[in-house]
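So the chains spell out like this:
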Amino acid sequence: MLVRLLYASRAVNTVNQEELVAILRKSKTNNPAMGVTGVLCFSEGIFLQALEGGRSAVNTLYNRIAVDPRHTQVELLCYDEISERRFAGWSMGQVNLGRLNPGLVLKYSEKSALDPFAVSGRASLALFDELMATASIVGQACRARLA
Ligand code: FAD
């Protein structure tokens, strides 16, 4: 039973590169053991993260992330049962913000700034799809054993 979950949240304080790297490092350490894959985007104080994997693993991880004091206003955007993963290649991929051009964001939203709170979850997932298709998601390939 695989599920995909998408949420958005707002950083409590200014998140610098070092703090973002620490979150990604923790994700890459923990997620393979849980069989979780996904993508994290951070822009203008907003996190957008997709998690996919077994239902229990994803639910448990999401509940842990949701109470993390580094962010607030954690909003569930999408939760679906899926037959296959979209982000199987990443224990936690990172969107390369250099590739997040305003035109691409504008394709899926009213304004050119990334604001997942203002668009549907489907639109945010479509944006992730497009970023993946244009090789704009970086990060170590997944070494998880996804049985
Ligand atoms: P430890 O890292 O040992 O942490 C113990 C406790 O301290 C936890 O309650 C933790 O929340 C808290 N803590 C740790 N560092 C800090 C800090 N710098 N500031 C405040 N409190 C802190 N974790 C994953 O495993 N996978 C993910 O995909 C993932 N994505 C995340 C996305 C976002 C946007 C954020 C903010 C966090 C994410 N995390 C993720 C981290 C997650 O919220 C937990 O902190 C982490 O999973 C706890 O790991 P641990 O059990 O090894 O405990």
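Preceding this paragraph is the structure being described.
Residues numbered from 1 in each chain as written. Predicted model: local features only at pLDDT ≥ 70, side-chain atom pairs only at ≥ 80, totals over all residues. Heavy atoms only, no water.

**Considering the site of the ligand**
K26, N30, N31, R64 and D68 are the nearest of the 17 residues found near the ligand. Take Q49: an N or O atom from its side chain is 3.1 Å from a nitrogen atom of the ligand. One nitrogen or oxygen atom from the side chain of R64 is found 3.0 Å from an oxygen atom belonging to the ligand. Compared with its free state, where it exposes 910 Å², the ligand has 64% of that area covered by protein. Counting only elements with at least two residues in the shell around the ligand, the list comes to α1 (17-34), β3 (46-54) and α2 (55-66). Here the shell around the ligand gets 5 residues from one element, more than from any other, and that element is α1. (Near = heavy atom within 4 Å. Polar contact = N/O pair within 3.5 Å; in protein donor to acceptor, adjacent residues only side chain to side chain. Areas by Shrake-Rupley, 256 points an atom, 1.4 Å probe, with all protein chains shown as cover. Helix = DSSP H or I, 4+ residues; strand = E, 2+ residues; numbered from the N terminus.)

**Side note on the sheet that holds strand β2 (residues 37-43)**
As summarised here, the arrangement of the 6 strands in space is β4-β1-β3-β2-β5-β6, forming an open sheet in which the pairing is mixed. The strands lining the two open edges of the sheet, one partner per strand, are β4 (71-82) and β6 (137-138). Bridge count for strand β1 (residues 2-11) against β3 is 9 bridges, and the pairing is antiparallel. From the neighbouring strand, L5 faces β3, where its bridge partner is L51. Running over the sheet, α2 touches β1, β3 and β4 and is turned about 155 degrees from β3. With respect to the sheet, helix α4 (residues 121-133) is in contact with β1, β2, β3, β4, β5 (93-95) and β6, its orientation differing from that of β4 by roughly 80 degrees. (Pairing = 2+ DSSP bridges. Contact = heavy atoms within 4.5 Å. Axes fitted to C-alpha atoms, helices over the stretch in contact; angles between N-to-C directions.)

The values are spatial; any link to function lies outside them.
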